[in-house]
Amino acid sequence: MAGTFVTPKVDQTAAGTWTTVSAVDTVPTGLAKVLGVVASINDTPVTTQSIVTAKPSATPGSITISTWSDVDAAATGFALNVNWIAWGTATP
C-alpha cells in the first residue's frame, strides 16, 4: 500500500438525545471540534419521520441532525427523539 494515512486526533466523545424541532436541526455537542457523528431514532418512526442522518455542522462544536420521510423528502412532523454520539477534540 502506497502513501500515508494520518488519523485525526480524537480526545473526546459526547452523546445525547435530541428531540427534533425541524427537518434540519443544529445541535451543540460540548466538543470544540466535531470530527464525526452517528445517530439513530429512539422512537417509533412515523411516515413523516422515518429516517435520520447526522453530520458535523458548519457551526463549530455542533452537529446537524436531519430527519426525512419514507419518500425521501424532508420530514414534516417533528418531536422525534434521536440518540447521537459524536467524537472530536477539546480544542479547535
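Above this text you will find the structure in question.
Residues numbered from 1 in each chain as written. Predicted model: local features only at pLDDT ≥ 70, side-chain atom pairs only at ≥ 80, totals over all residues. Heavy atoms only, no water.

Peer 1: I'd like a description of the sheet that holds strand E3 (residues 33–41), backed by residues and values.
Peer 2: Picture the strands of a sheet paired through backbone hydrogen bonds; they go either parallel or antiparallel. The strand order across the open sheet formed by 3 strands is E1-E6-E3, and the pairing between neighbours is antiparallel. If you trace the sheet from one side to the other, it starts and ends with strand E1 (12–19) and E3, each paired once. Each neighbouring strand pair of the sheet contributes to a mean axis angle of 20 degrees, computed without reference to strand direction. In terms of strand pairing, E3 meets strand E6 (residues 81–89) through 8 bridges, oriented antiparallel. (Pairing = 2+ DSSP bridges. Helix = DSSP H or I, 4+ residues; strand = E, 2+ residues; numbered from the N terminus. Axes fitted to C-alpha atoms, helices over the stretch in contact; angles between N-to-C directions.)

Peer 1: Tell me about the side chain of Ser57, and name the residues and values.
Peer 2: Within the secondary structure, Ser57 is located in the loop between strand E4 (51–56) and strand E5 (62–68). By relative accessible area, Ser57 is classed as buried at 17%. Among the polar contacts listed, one links the side chain of Ser57 to the backbone nitrogen of Thr59, at a separation of 3.0 Å. Excluding anything up to four places from it in sequence, Ser57 contacts Thr26, Ser62, Ile63 and Thr64. (Buried < 20%, exposed > 50% of the residue type's maximum accessible area, 1.4 Å probe, protein only. Polar contact = N/O pair within 3.5 Å; in protein donor to acceptor, adjacent residues only side chain to side chain. Contact = heavy atoms within 4.5 Å.)

Peer 1: So what's going on with the sheet that holds E4? Which residues, and what values?
Peer 2: Ordered by their spatial adjacency, 3 strands build an open sheet running E2-E5-E4, and the pairing between neighbours is antiparallel. Looking at which strands have only one partner, the edges of the open sheet turn out to be strand E2 (24–28) and E4. Strand-to-strand twist of the sheet, defined as the mean angle between neighbouring strand axes without regard to direction, takes the value 25 degrees. Pairing of E2 with E5, which is carried by 5 bridges, proceeds in the antiparallel orientation. Along E5, the bridge assignment pairs Val24 with Ser66.

Peer 1: Explain the environment of Ala58 to me, and be specific about the residues and the numbers.
Peer 2: Inspection of the secondary structure assignment puts Ala58 in the loop between E4 and E5. Classification of Ala58 as exposed rests on a relative accessible area of 84%. Counting along the chain gives 29 residues from Ala58 to Trp87, while the straight-line C-alpha distance between them is 15 Å.

Peer 1: Describe the pairing of E5, listing the residues and the values that go with them.
Peer 2: For a regular strand, the rule is simple: side chains alternate between the two faces of the sheet. Burial within E5 is extensive, with 6 of its 7 residues counted as buried. Sheet topology places E4 next to E5; 6 bridges connect them, and they run antiparallel. The partner of Lys55 across the bridge, within E5, is Thr64. The antiparallel hairpin formed by E4 and E5 contains 5 residues in its connecting segment, where Gly61 sits at a positive phi of about 80 degrees.

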